[in-house]
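Secondary and tertiary structure notes
What follows is the residue order along each chain.
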Amino acid sequence: MNYLIRKTDELSGSEIGLILKLWNIPGWAGMNPSEFRNSFEHSEFHFLLGADDQIMALGRINLDFILKISGKLYGFAEIVGLVSAEKGKGYGRLLVQLLRENTEQRCLEAIGFCLRELRPFYRKCSVRIMENKAKNIMENNDSEWMPSEDDDILVFYLSEERKKVLEMLSHEQKAYLINKE
(Lines give C-alpha, C1' and ligand atoms only; values in the text may rest on other atoms or scores of the structure.)
Protein backbone atom coordinates (compact mmCIF):
# COMPACT_ATOMS: atom_id res chain seq x y z
CA MET A 1 0.00 0.00 0.00
CA ASN A 2 1.15 3.52 -0.80
CA TYR A 3 -0.05 6.76 0.77
CA LEU A 4 -0.28 9.71 -1.61
CA ILE A 5 -1.33 13.34 -1.09
CA ARG A 6 -2.34 15.57 -3.98
CA LYS A 7 -3.60 19.10 -4.24
CA THR A 8 -6.69 19.63 -6.35
CA ASP A 9 -4.79 21.06 -9.32
CA GLU A 10 -2.53 17.96 -9.39
CA LEU A 11 -5.43 15.57 -10.05
CA SER A 12 -5.99 14.20 -13.54
CA GLY A 13 -9.42 14.15 -15.15
CA SER A 14 -9.64 10.36 -14.72
CA GLU A 15 -8.71 10.64 -11.01
CA ILE A 16 -11.43 13.26 -10.55
CA GLY A 17 -13.92 10.95 -12.27
CA LEU A 18 -12.97 8.08 -9.97
CA ILE A 19 -13.24 10.29 -6.87
CA LEU A 20 -16.74 11.38 -7.91
CA LYS A 21 -17.70 7.77 -8.60
CA LEU A 22 -16.49 6.62 -5.17
CA TRP A 23 -18.20 9.53 -3.41
CA ASN A 24 -21.45 8.74 -5.23
CA ILE A 25 -23.13 12.10 -4.50
CA PRO A 26 -25.86 12.67 -7.12
CA GLY A 27 -25.46 16.47 -7.26
CA TRP A 28 -21.76 16.14 -8.01
CA ALA A 29 -21.83 13.21 -10.46
CA GLY A 30 -21.86 15.41 -13.57
CA MET A 31 -19.13 17.76 -12.39
CA ASN A 32 -16.39 18.28 -14.99
CA PRO A 33 -12.71 18.57 -13.94
CA SER A 34 -12.74 22.37 -14.09
CA GLU A 35 -15.83 22.61 -11.85
CA PHE A 36 -14.31 20.05 -9.47
CA ARG A 37 -11.03 21.95 -9.20
CA ASN A 38 -12.90 25.21 -8.58
CA SER A 39 -15.21 23.68 -5.96
CA PHE A 40 -12.39 22.00 -4.05
CA GLU A 41 -9.53 24.44 -4.66
CA HIS A 42 -8.68 24.73 -0.94
CA SER A 43 -8.37 20.97 -0.47
CA GLU A 44 -5.88 18.16 -0.34
CA PHE A 45 -6.76 14.64 -1.41
CA HIS A 46 -5.29 11.74 0.53
CA PHE A 47 -5.16 8.34 -1.14
CA LEU A 48 -4.35 4.82 -0.10
CA LEU A 49 -3.17 3.11 -3.27
CA GLY A 50 -2.95 -0.61 -3.95
CA ALA A 51 -1.42 -2.60 -6.77
CA ASP A 52 -1.17 -0.71 -10.07
CA ASP A 53 -1.86 2.54 -8.19
CA GLN A 54 -5.51 1.59 -7.80
CA ILE A 55 -7.35 3.81 -5.26
CA MET A 56 -8.30 1.66 -2.28
CA ALA A 57 -9.47 4.54 -0.05
CA LEU A 58 -9.59 8.30 -0.24
CA GLY A 59 -10.31 11.31 1.90
CA ARG A 60 -10.30 15.06 1.46
CA ILE A 61 -8.94 17.72 3.77
CA ASN A 62 -10.80 21.00 3.42
CA LEU A 63 -8.25 23.63 4.41
CA ASP A 64 -10.84 26.42 4.40
CA PHE A 65 -13.15 25.45 7.28
CA ILE A 66 -13.90 28.27 9.72
CA LEU A 67 -16.09 28.25 12.81
CA LYS A 68 -17.16 31.35 14.72
CA ILE A 69 -17.41 30.56 18.42
CA SER A 70 -18.10 33.26 21.03
CA GLY A 71 -17.29 35.95 18.47
CA LYS A 72 -13.88 34.50 17.62
CA LEU A 73 -12.92 32.80 14.33
CA TYR A 74 -11.23 29.40 14.44
CA GLY A 75 -9.75 27.82 11.33
CA PHE A 76 -9.66 24.03 11.17
CA ALA A 77 -8.71 21.43 8.62
CA GLU A 78 -11.90 19.47 7.96
CA ILE A 79 -11.47 15.82 7.05
CA VAL A 80 -14.36 14.78 4.83
CA GLY A 81 -15.22 12.46 1.97
CA LEU A 82 -13.65 9.38 3.54
CA VAL A 83 -14.56 6.38 1.44
CA SER A 84 -13.15 2.95 0.80
CA ALA A 85 -13.32 1.23 -2.59
CA GLU A 86 -14.08 -2.08 -0.82
CA LYS A 87 -15.78 -2.31 2.56
CA GLY A 88 -14.42 -4.63 5.25
CA LYS A 89 -10.84 -4.85 3.95
CA GLY A 90 -9.28 -2.40 6.43
CA TYR A 91 -8.44 0.23 3.80
CA GLY A 92 -10.57 2.94 5.41
CA ARG A 93 -9.14 2.25 8.85
CA LEU A 94 -5.57 2.42 7.51
CA LEU A 95 -6.28 5.70 5.72
CA VAL A 96 -7.76 7.19 8.91
CA GLN A 97 -4.59 6.17 10.78
CA LEU A 98 -2.43 7.80 8.10
CA LEU A 99 -4.54 10.97 8.19
CA ARG A 100 -4.18 11.15 11.97
CA GLU A 101 -0.41 10.72 11.73
CA ASN A 102 -0.13 13.26 8.90
CA THR A 103 -2.15 15.97 10.66
CA GLU A 104 -0.27 15.41 13.92
CA GLN A 105 3.15 15.62 12.22
CA ARG A 106 2.09 18.88 10.55
CA CYS A 107 0.38 20.23 13.71
CA LEU A 108 -2.67 20.72 11.49
CA GLU A 109 -5.75 21.31 13.68
CA ALA A 110 -7.98 18.68 12.05
CA ILE A 111 -11.53 17.59 12.78
CA GLY A 112 -14.20 15.60 11.02
CA PHE A 113 -17.84 14.81 11.56
CA CYS A 114 -19.99 11.70 11.63
CA LEU A 115 -23.42 10.35 12.29
CA ARG A 116 -24.04 8.27 15.41
CA GLU A 117 -24.11 5.07 13.32
CA LEU A 118 -20.44 5.51 12.35
CA ARG A 119 -19.13 5.71 15.92
CA PRO A 120 -18.09 2.02 16.01
CA PHE A 121 -15.88 2.49 12.93
CA TYR A 122 -14.11 5.54 14.35
CA ARG A 123 -13.69 3.85 17.73
CA LYS A 124 -11.88 0.97 15.94
CA CYS A 125 -9.66 3.65 14.38
CA SER A 126 -8.89 5.13 17.84
CA VAL A 127 -10.30 8.51 16.80
CA ARG A 128 -11.52 10.61 19.70
CA ILE A 129 -15.24 11.28 19.35
CA MET A 130 -16.94 14.33 20.84
CA GLU A 131 -20.38 12.80 20.99
CA ASN A 132 -23.40 14.95 20.11
CA LYS A 133 -21.29 18.11 19.73
CA ALA A 134 -21.78 18.58 15.95
CA LYS A 135 -25.48 19.42 16.43
CA ASN A 136 -24.24 22.63 18.08
CA ILE A 137 -22.64 23.78 14.84
CA MET A 138 -25.00 25.98 12.89
CA GLU A 139 -24.92 26.18 9.10
CA ASN A 140 -26.54 28.92 7.03
CA ASN A 141 -28.90 27.62 4.34
CA ASP A 142 -29.43 31.00 2.63
CA SER A 143 -32.16 32.28 4.92
CA GLU A 144 -31.68 30.76 8.37
CA TRP A 145 -29.20 29.03 10.65
CA MET A 146 -29.79 25.27 10.92
CA PRO A 147 -27.99 22.69 13.09
CA SER A 148 -25.53 20.36 11.38
CA GLU A 149 -26.92 17.05 10.17
CA ASP A 150 -23.99 15.25 11.81
CA ASP A 151 -24.04 14.08 15.42
CA ASP A 152 -20.39 13.98 16.43
CA ILE A 153 -17.11 15.83 16.04
CA LEU A 154 -14.12 13.61 15.27
CA VAL A 155 -10.74 14.72 16.60
CA PHE A 156 -7.90 13.83 14.26
CA TYR A 157 -5.45 16.31 15.77
CA LEU A 158 -6.15 19.30 18.01
CA SER A 159 -4.26 21.41 20.49
CA GLU A 160 -5.56 21.32 24.05
CA GLU A 161 -6.90 24.86 23.63
CA ARG A 162 -8.96 23.90 20.56
CA LYS A 163 -10.25 20.72 22.27
CA LYS A 164 -11.52 22.84 25.17
CA VAL A 165 -13.23 25.29 22.80
CA LEU A 166 -15.09 22.48 21.01
CA GLU A 167 -15.92 20.65 24.24
CA MET A 168 -17.72 23.81 25.45
CA LEU A 169 -20.21 23.65 22.57
CA SER A 170 -23.75 23.20 23.82
CA HIS A 171 -27.33 24.30 23.18
CA GLU A 172 -26.38 27.62 24.78
CA GLN A 173 -22.89 27.85 23.23
CA LYS A 174 -23.20 27.44 19.45
CA ALA A 175 -20.59 27.53 16.70
CA TYR A 176 -21.38 29.08 13.31
CA LEU A 177 -19.89 27.80 10.07
CA ILE A 178 -18.49 30.75 8.16
CA ASN A 179 -18.66 30.48 4.37
CA LYS A 180 -16.23 32.68 2.52
CA GLU A 181 -17.68 34.46 -0.47
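Residues numbered from 1 in each chain as written. Predicted model: local features only at pLDDT ≥ 70, side-chain atom pairs only at ≥ 80, totals over all residues. Heavy atoms only, no water.

Let's talk about the side chain of Thr8
The condition is simple: Numbering of helices and strands starts at the N terminus; helices are DSSP runs of H or I of at least 4 residues and strands are runs of E of at least 2. Here a polar contact means two N or O atoms within 3.5 Å. Within protein one must be a hydrogen donor candidate and the other an acceptor candidate, and residues neighboring in sequence count only if both atoms are side-chain atoms. Contacts are assigned to residue pairs with any non-hydrogen atoms lying within 4.5 Å of each other.
Its place among the elements puts Thr8 in the loop between β1 (2-7) and α1 (13-23). Within the local environment of Thr8, its side chain forms a polar contact with the backbone oxygen of Phe40, the two atoms lying 2.5 Å apart. Non-local contacts of Thr8, meaning those with residues more than four positions away in its chain, are made with Phe36, Arg37, Phe40, Glu41, Ser43 and Phe45.

Overview of the packing of aromatic side chains
How two aromatic rings sit relative to each other is set out by the distance from centre to centre and by the angle between their planes. Just so we agree on the cut-off: Stacked, tilted and edge-to-face are the three classes assigned to paired rings of Phe, Tyr and Trp, where Trp is represented by its six-membered ring and a pair needs centres within 6.5 Å; plane angles under 30 degrees give stacked, over 60 edge-to-face, the rest tilted. Type-normalised accessible area, obtained with a 1.4 Å probe on protein chains alone, sets the label of each residue: buried when under 20%, exposed when over 50%, and partly exposed for intermediate values. Two thresholds decide whether a charge sits over a ring: the Lys NZ or Arg CZ must be within 6 Å of the ring centre and within 35 degrees of the ring normal.
Using the criterion set out here, one finds 11 aromatic pairs in the structure. Considering the side-chain rings of Phe36 and Phe45, the 5.5 Å spacing of their centres and the 35° angle between planes classify their relative orientation as tilted. Judged by its relative accessible area of 0%, Phe36 is buried. Connected via pairs of aromatic rings, a cluster forms that spans Trp23, Trp28, Phe36, Phe40 and Phe45. Sitting above the plane of the Phe76 ring, Arg162 keeps its charged end 5.0 Å from the centroid.

Looking at the environment of Val127
Mapped onto the fold, Val127 is located in the loop between α4 (119-124) and β6 (128-130). By relative accessible area, Val127 is classed as buried at 6%. Sequence separation of Val127 and Ile69 is 58 residues, and the distance between their C-alpha atoms is 23 Å. Apart from the residues lying within four places of it in its own chain, the contact partners of Val127 are Val96, Arg100, Tyr122, Leu154 and Val155.

Points about the nonpolar core
What counts is decided by this rule: Residues belong to one nonpolar core when they are buried, are Ala, Val, Leu, Ile, Met, Phe, Trp, Tyr or Cys, and are joined through side-chain atoms within 4.5 Å.
Counting residues in each nonpolar core, the largest one holds 20 residues, and the members touching the most others are Tyr122, Leu154 and Phe156. Where this core is concerned, the elements lending two or more residues are β3 (55-69), β4 (72-84), α3 (91-105), β5 (110-114) and β9 (152-157). Counting residues per element, this core draws most heavily on α3, which supplies five residues. Excluding residues within four positions of it along the chain, Phe156 makes contact with Ile79, Leu82, Val96, Leu99, Arg100, Thr103, Ala110, Ile111, Gly112 and Tyr122. The next biggest cluster of nonpolar side chains, apart from the first, holds 18 residues, and it includes Leu67, Phe76, Val155 and Leu158.

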